[in-house]
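Close look at the chain arrangement
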Amino acid sequence: MVNKTLLAVSSEVVSLQEIPQFRIIGNKYNLLLEIYKILKKEGIKSNSFFDVFSGSATVGRFFKRMFSIISNDSLYFSYVLQRALIDINEYPSFSNLNLSNLSLDPKRRIYQVLEFLNNLKGAEGFIYKHYTPASKEIDGVERKYFSIENGKKIDAIRMKIEEWFKNGYISDDEYFYLIASLLFGVQKVANISGTYGAFNKFWDPRSYKTITLKYIEIIPSKFKHKSYNKDIFDLLNKISCDIAYIDPPYNSRQYIDNYHILETIAKYDNPRIKGKTGLRENTHNEKSVFCSKKTIGSALLKLLNNLKAKYIILSYNSEGLLSKDEIKKLFEESKLKEVKLYEFPYRRFKSNHNSQNNEVKEYLFVGKVIK
């Protein structure tokens, strides 16, 4: 049976089939159509859409045909995804890259560049040394995030991308496109069960696969888009928009710790690391106030009162640090009016099979800013 809802929105937003799913806590892939339908139901019309906590860039990519997207996240790997999945409206040309027999067809040329990188000989770089079993001799701790072979391949690919960029062979867009492609490839071979906060004791079948860079479809848009890699409170006075979409962290797990390896691969900055899982040191400035019960209430109220938007939409989970009633109270204390609440059943990122309560809900609060 043809999904009539999908047909109705196909010309306005990006098809769900064109949104690569990135494994990250809070990914809103399954909520995209609901957000779209709420915007239509409430008659919210706009030109600009600010995705305040972009994460996997899923929401921004979905709406990039409908709005001019402004996206932001404090984590650098998210910024890489934003640049590749949202900002780019045309196929990267790789015109300055001196590879033999590159096709004149832009899409085919991307495949050729990815194929070249996929065929590189492995290198004993940072990921190999610290996040494969080779770490036992180097760090005295055996880490099993990646196989020896995949660790070397990740290093070789990442080093080549950096070499090309520093030598001026690839543009900013091409640089972020290739790193994003690598991050998607990493997701397919990482020996983890959920996040990078820990590795599996035994090797998952996916970890035996050889890492392969993934082709990312380019979605054209008549709008220009802008991505940021900032603490949101450093951007409040710099951005005005019609719609601000807030999807903050909802539990006490810090994203910088849960996704530290993706951050390191994206930056490739050879950080000082610590502990059994090789966490990045000196990340205290990257800790989110939205991941603490003590600070999330005041932080969220500050955000609601200071965002320069006509409408604010807040997405939150029923298992979050704040209850539904606590969020309602914050909205009552804020400058917003005509606040409406929508609730949807939602699937956990990682289920607790011993739990008797499998019902999880996603809350969507929609409010209009008082002028």
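Residues numbered from 1 in each chain as written. Predicted model: local features only at pLDDT ≥ 70, side-chain atom pairs only at ≥ 80, totals over all residues. Heavy atoms only, no water.

This next bit is on the overall build of the chain. For the chain, the count of helices and strands is 13 helices and nine strands. Taken over the C-alpha atoms alone, the chain extends approximately 60 × 50 × 45 Å along its principal axes. For the chain, with 371 residues in total, the buried portion stands at 56%. Accessible area of the chain: about 17600 Å², with a carbon and sulfur share of 47%. Between the centroid of the 58 positive side chains of the chain and the centroid of its 41 negative side chains there is a distance of 2 Å. (Helix = DSSP H or I, 4+ residues; strand = E, 2+ residues; numbered from the N terminus. Buried < 20%, exposed > 50% of the residue type's maximum accessible area, 1.4 Å probe, protein only. Areas by Shrake-Rupley, 256 points an atom, 1.4 Å probe, with all protein chains shown as cover. Lys, Arg positive; Asp, Glu negative; His and termini not counted. Charge placed at Lys NZ, Arg CZ, Asp CG, Glu CD.)

Its place among the elements puts glutamine 112 in helix H5 (residues 106-118). You can call glutamine 112 buried: its relative accessible area is 17%. In contact with glutamine 112, not counting residues within four places along its chain, are Asn101, Leu102 and Ser103. (Contact = heavy atoms within 4.5 Å.)

What you see with strand E1 (residues 48-51) is no split at all: Ser48 and Phe50 on one side and Phe49 and Asp51 on the other are buried throughout. Summarising the sheet, E1 and strand E2 (residues 68-72) pair through four bridges and their orientation is parallel. Bridged to phenylalanine 49 within E2 is isoleucine 69. Read from E1 through helix H3 (residues 58-63) to E2, the crossover connection turns out right-handed. As defined by bridge partners, E1 adjoins strand E4 (residues 240-246) across three bridges and the pair is classed as parallel. (Pairing = 2+ DSSP bridges. Right-handed = clockwise from strand over helix to strand, strands pointing away.)

This brings us to the packing of aromatic side chains. One pair of aromatic rings is described through two measures. These are the centre distance and the angle between the planes. Counted under the stated rule, the structure contains 23 aromatic pairs. Consider the rings of phenylalanine 53 and phenylalanine 290, whose centres lie 5.1 Å apart with planes at 75°: the pair is edge-to-face. Placement of the pair is phenylalanine 53 in the loop between E1 and H3 and phenylalanine 290 in the loop between strand E6 (279-280) and helix H12 (296-306), with a sequence separation of 237 residues. A residue is classified by how much of its surface remains accessible, and phenylalanine 53, at 15% relative accessible area, is buried. For phenylalanine 290, a relative accessible area of 2% translates into the label buried. Joined through ring pairs, the aromatic side chains of Phe22, Phe77, Phe184, Tyr196, Tyr255 and Tyr259 make up one cluster. Across from the ring centre of tyrosine 228, 5.5 Å away, lies the NZ or CZ of lysine 226, which sits over that ring. Its end group placed over the ring of phenylalanine 233, lysine 302 keeps NZ or CZ at 4.5 Å from the ring centre. (Phe/Tyr/Trp six-rings, centres within 6.5 Å; stacked < 30°, edge-to-face > 60°. Lys NZ or Arg CZ within 6 Å of the ring centre and 35° of its normal.)

We now examine the nonpolar core. Residues Phe63, Phe77, Phe146 and Leu178 are the most contacted members of the largest nonpolar core, which totals 124 residues. When residues of this core are assigned to their parent elements, the largest contribution, 10 residues, is made by helix H9 (residues 172-187). In this structure, phenylalanine 146 is in contact with Ile127, Tyr131, Thr132, Pro133, Gly151, Ile154, Val186, Val189, Ala190, Trp203, Ile261 and Ile265, ignoring residues within four places of it in sequence. (Core = buried A, V, L, I, M, F, W, Y, C linked by side-chain atoms within 4.5 Å.)

In this section: the packing of H9 against helix H11 (residues 260-267). The geometry of H9 relative to H11 is characterised by a closest axis approach of 10 Å and an angle of 150° between their N-to-C directions. One way to sum up the angle between H9 and H11 is to call them roughly antiparallel. The two elements H9 and H11 meet at a crossing, and its hand is right-handed. Each of Ile179, Leu182, Leu183, Val186 and Gln187 in H9 lies in contact with H11, whose residues at this interface are Leu262, Ile265 and Ala266. (Axes fitted to C-alpha atoms, helices over the stretch in contact; angles between N-to-C directions. Parallel < 35°, antiparallel > 145°, perpendicular 65-115°, else oblique. Left-handed = near helix turned anticlockwise from the far one by under 90°.)

Quick look at the sheet that holds E2 now. Within the open sheet, the seven strands sit side by side as E3-E2-E1-E4-E7-E9-E8. Their pairing is mixed. The open sheet has two edge strands, strand E3 (226-228) and strand E8 (336-345), and neither has a second partner. Averaged over all pairs of adjacent strands, the angle between strand axes in this sheet comes to 15°, irrespective of strand direction. For strand E7 (residues 308-317) and strand E9 (residues 361-369), the ladder comprises seven bridges, and the chain directions are antiparallel. Residue pairing for E9: isoleucine 313 is matched across the bridge by valine 366. Contacts between helix H4 (residues 76-87) and the sheet are confined to E2 and E3, with E3 contributing the most and set at about 175° to the helix.

With that settled, consider the pairing of E4. Most of E4 is tucked away, with six of its seven residues classed as buried. The pairing of E4 with E7 spans six bridges and is parallel. Among the inter-strand pairings, cysteine 241 is bridged to a residue of E7, identified as alanine 309.

On to the packing of H4 against H9. Axis separation between H4 and H9 bottoms out at 8 Å; the angle between their running directions is 115°. Read as a crossing pair, H4 and H9 show a hand that is left-handed. Within the contact between the two elements, H4 uses Tyr76, Phe77, Tyr79, Val80, Leu81, Arg83, Ala84 and Leu85 and H9 uses Asp172, Asp173, Tyr175, Phe176, Tyr177, Ile179, Ala180, Leu183 and Phe184. Looking at the contact of H4 with H9, its residues break down into 14 nonpolar, no polar and three charged. (Nonpolar A, V, L, I, M, F, W, Y, C, P; charged D, E, K, R; others polar.)

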